Amino acid sequence: MTARLMQSLPDSGAPAQLFILLHGVGASADDLVPLAKVLRQSFPQAALLLPDGFEPFDAAPTAQGRQWFSIVGVTEENRAERVQAVVPTLIDWVRGHQQRLGVGPAATALVGFSQGSIVSLEAAVAAPDLVGRVLAFSGRFAQLPEAAPPLTTFHFFHGAQDSVIPAQQSTTAFEHVAALDDGDATLDIAEEVGHALHPALLERAVFRLTHHVPPRLWREAMSLAGAPTDAA
C-alpha cells in the first residue's frame, strides 16, 4: 500500500501519544522530518509515524514523490469524491497502528501538510471516533462538514501569503467548525509566510497541543466535580 513508513518510538516504555504525519502532494515522508523533530522534542513519550502517500505521484510519473489522491484534472466539483475514495483506507491504516501501538483515539493526532491536511480533516469527520486532534497546516476541507466530531479538536495553521491553498480556506474552516454543535477549533495565521511549514507555525502547533484544553475534557472534569458543565 505505502512505499515506506518512517517510525520514531520512545526510548523506553509504551507510547503515551501517537502522531501520524501526512505529507503534501508530490512529496514524501522525508519532507516532514523537521516537524517530527519538533514534536519529538516536546513529546518524548510519543510514537511518530511518517508514511509515504498511498499512491505514486501521477502528475510527474518520472518523479519519486507520492500522493494521497490525484490532482490531475482536479476541480472543486470532483475533489471531495477523490478524497473520499482514499479516506476509508486511511482510517483503517490509522486504526491498525493505534491497535499495534496501544494508543487510543483521544491520544492520537493526525498532522497534515497541504494535501495531507485535506485527507486528515476528512478522515476525522468520516470517523468521529478516530482521533483526538487534527493539526492542519496549509490545508482545507474538501467539503465543509455538516457535523463536528465531538472527540476531535481541529487546529488550523496557515501562511497569510499562501498562493497554493489560500489562508482563507483555514479561516473559513475554523469559523465553520466553531459554529457547529460540539465544534472545537483553533486558528493561527502567520504573516509573510507562504505555503510552507514555517518555524512560527510549528511553534504555534506545540503551543496549541500543550495549552488548548478541549471542551469535552472540561465538561468531563466539571461533571466529575459535580459542577454545572456551563459554569464560567
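Residue indices follow the written sequence of each chain, beginning from 1 at its first position. Reporting in this predicted model follows two pLDDT cut-offs: at least 70 for local features of residues, and 80 or more for side-chain atom pairs to be given and counted; totals over whole chains, interfaces and linings ignore these cut-offs and use all residues. The basis for every side-chain value is the complete set of non-hydrogen atoms in the structure, without hydrogens or water.

Further remarks concern the sheet that holds strand β3 (residues 46–51). Strand pairing in a sheet relies on backbone hydrogen bonds, with the paired strands running either antiparallel or parallel. Read across the sheet, seven strands follow the order β1-β3-β2-β6-β7-β8-β9 without closing on themselves; strand pairing throughout is mixed. Single-partner strands in this sheet number two, and they are β1 (5–8) and β9 (185–190). Adjacent strand axes in the sheet meet at a mean angle of 15° when their direction is disregarded. At least two DSSP bridges between two strands are needed for those strands to be called paired. A run of H or I in DSSP becomes a helix once it reaches four residues, and a run of E becomes a strand once it reaches two; helices and strands are each numbered from the N terminus. Note: strand β7 (residues 133–137) against strand β8 (residues 153–159), five bridges, orientation parallel. By the bridge assignment for β8, alanine 136 is matched with phenylalanine 156. Simply put, an axis is a line fit to the C-alpha atoms, just over the touching stretch for a helix, and the angle between two N-to-C directions goes from 0 to 180 degrees.

The two faces of the sheet receive side chains in turn, since in a regular strand these alternate between them. Here six bridges tie β8 to β9, and the two strands are oriented parallel to one another. Bridged to phenylalanine 157 within β9 is aspartate 188. Taking the sense of rotation as the criterion, the β-α-β connection linking β8, helix α4 (residues 168–179) and β9 turns out right-handed. With its strands directed away from the observer, a crossover is right-handed exactly when the path from the first strand over the helix to the second travels clockwise.

Let us now look at the packing of aromatic side chains. A pair of Phe, Tyr and Trp rings is counted when the ring centres sit within 6.5 Å of each other, with Trp represented by its six-membered ring. The angle between the planes then sorts it: under 30 degrees is stacked, over 60 is edge-to-face, the rest tilted. Counted according to the given criterion, the structure contains six aromatic pairs. Judged by centre distance (4.7 Å) and plane angle (20°), the rings of phenylalanine 137 and phenylalanine 157 are stacked. Of this pair, phenylalanine 137 sits in strand β7 while phenylalanine 157 sits in strand β8; the two residues are 20 residues apart in sequence, bridging distant segments of the chain. Three labels apply to residues, based on accessible area from a 1.4 Å probe with only protein chains included: buried if under 20% of the type maximum, exposed if over 50%, partly exposed otherwise in between. Residue phenylalanine 137 is classed as buried on the basis of its relative accessible area, which comes to 0%.

Contact geometry of helix α2 (residues 79–101) with helix α3 (residues 115–126) gives a least axis separation of 9 Å together with a crossing angle of 70°. Between α2 and α3, the angle falls in the class roughly perpendicular. Residues Val83, Gln84, Val86, Val87, Leu90 and Ile91 of α2 form the contact with α3, whose participating residues are Ile118, Val119, Glu122, Ala123 and Ala126. Side-chain classes are defined by residue name, with Ala, Val, Leu, Ile, Met, Phe, Trp, Tyr, Cys and Pro counting as nonpolar, Asp, Glu, Lys and Arg as charged, and the others, Gly among them, as polar. Tallied by class, the residues present in the contact of α2 with α3 amount to nine nonpolar, one polar and one charged. Small angles under 35 degrees read as roughly parallel and large ones over 145 as roughly antiparallel, with 65 to 115 read as roughly perpendicular and the rest as oblique. Note on contacts: a residue pair qualifies if any of its non-hydrogen atoms lie within 4.5 Å across the two residues.

Two side chains of opposite charge can pair, provided their charged atoms sit close to one another. Salt bridge, as used here: a side-chain nitrogen of Lys or Arg that lies within 4 Å of a carboxyl oxygen of Asp or Glu. Evaluated as defined, the whole model comprises seven salt bridges. Between arginine 4 and aspartate 30 there is a salt bridge whose closest N-O contact spans 3.0 Å. Residue arginine 4 is located in the segment before β1, and its partner aspartate 30 is located in the loop between β2 (17–22) and α1 (33–42); the two are separated by 26 residues in the primary sequence. We classify aspartate 30 as partly exposed; its relative accessible area is 40%. Across the salt bridge formed by glutamate 76 and arginine 140, the nearest N and O atoms sit 2.7 Å from each other. Placement of glutamate 76 in the loop between β5 (66–67) and α2 and of arginine 140 in the loop between β7 and β8 is noted, with a sequence separation of 64 residues between them. Residue classification places glutamate 76 among the partly exposed positions, given a relative accessible area of 47%. Using a relative accessible area of 9% as the deciding quantity, one classes arginine 140 as buried.

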